[in-house]
Amino acid sequence: IKSTEEFLKTKKRDLFIILACKKSGKEEKGFFHFPSLIEGIYRRNKEDWRYYLTSKNEFPDEKMLKKAKCIIVPGSELSVHDNLKFLRKTEKYFANLIKEIEENGKYPNLKILGICFGLEIILSGFGAELNKSKWDANSRFGPEIINLKDEFWELDYVKKSGVEKRKSLIISEAHSEQIIKYPPKNQNYFKTVGSSDVCECEVSIDKKGQVLMVQGHPEYSPGLYIASSINR
């Protein structure tokens, strides 16, 4: 990763950040280069992408946050219950960042997209409770019907996606845990706008419309571009 100063001087295209919660090492290589990920969200030929690995203590600083259009926190093989220091630091990072957005109006142009583990680590940082999911990510991967509230369709980036409003969408699922209890009221900036028969909190948004979190995997759902529209 180039230094913030060097990046901001040389890059003029829109900046997008992948903030990955993944152990460093050989297994890390190639994790974000599946065709479905690139075609579903990561349009590398039109935008500039920075890849941060939290296990290496890599987090975007304030200058990068002001420049970036979106931070994507993708899935991970880890659990928020794992006793790893970098996971606790990631929770604190997003808790502070989202508090600044919600309470102080900071980073008004920044969007945050949490996918699967991304949803779990963000909400966990605010005190949400997680438990075993009916899905078994080690043996099951497939579609699930997500029932959506009107508030979801009223979001600006959802309207820009061009997806026709309907009562439900089919999104691919693969997760071993799920949110069973939202954060305490004094720390809750979020609300559920999508649920399914197997998971109550499938889609969650913040009150300002800058944070979108999905328990499923829209990047693996052909023809669904709402997740990519959040950064447009």
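See above for the structure.
Calculation notes
Residues numbered from 1 in each chain as written. Predicted model: local features only at pLDDT ≥ 70, side-chain atom pairs only at ≥ 80, totals over all residues. Heavy atoms only, no water. Helix = DSSP H or I, 4+ residues; strand = E, 2+ residues; numbered from the N terminus. Buried < 20%, exposed > 50% of the residue type's maximum accessible area, 1.4 Å probe, protein only. Contact = heavy atoms within 4.5 Å. Areas by Shrake-Rupley, 256 points an atom, 1.4 Å probe, with all protein chains shown as cover. Expected span 1.5 Å × (residues − 1). Phe/Tyr/Trp six-rings, centres within 6.5 Å; stacked < 30°, edge-to-face > 60°.

Could you clarify how one ought to interpret the overall build of the protein in this entry?
A count of helical and extended segments in the protein gives eight helices and eleven strands. Residue burial in the protein is summarised as follows: out of 232 residues, 53% are buried. Look at the contacts in the protein between residues 6 or more apart in sequence, and 76% of them connect residues 24 or more apart. Summed over all atoms, the accessible surface of the protein reaches about 11500 Å², with 47% contributed by carbon and sulfur.

Can you walk me through helix α4 (residues 85-104) in this structure?
Three- or four-residue spacings in an α-helix give side chains the same orientation, since the helix completes a turn every 3.6 residues. Helix length check: α4, at 20 residues, gives a terminal C-alpha distance of 28 Å against a target of 28 Å (1.5 Å per residue), a fit within 8%. With its phi angle positive at about 70 degrees, G105 sits one or two positions after the end of α4.

I tried to follow the packing of aromatic side chains on my own but got confused; where do I start?
Geometrically, a pair of aromatic rings is defined through the distance of the ring centres and the angle of the planes. Inspection of the entire model under this criterion finds six aromatic pairs. Measuring from centroid to centroid gives 5.7 Å for F126 and Y189, while their planes differ by 85 degrees, and the two rings are edge-to-face. Of this pair, F126 sits in the loop between α5 (117-124) and β5 (129-132) while Y189 sits in the loop between β8 (177-181) and β9 (190-195), and the two are 63 residues apart along the sequence. Of the two residues, F126 and Y189, neither departs from the other in class, the shared state being buried. Between F126 and F190 the ring centres are 5.2 Å apart and the planes differ by 75 degrees, which places this aromatic pair in the edge-to-face class. Of this pair, F126 sits in the loop between α5 and β5 while F190 sits in strand β9, placing them 64 residues apart in sequence. One exposure class covers both F126 and F190, and it is buried. These aromatic residues form a ring-pair network of at least three members: F59, Y93 and F94.

What exactly am I supposed to notice about the environment of G142 here?
Relative to the assigned elements, G142 resides in strand β6 (residues 142-148). Look at G142 and you get buried, because its relative accessible area is 11%. Along the chain, G142 and I171 lie 29 residues apart, while their C-alpha atoms are 8.1 Å from each other.

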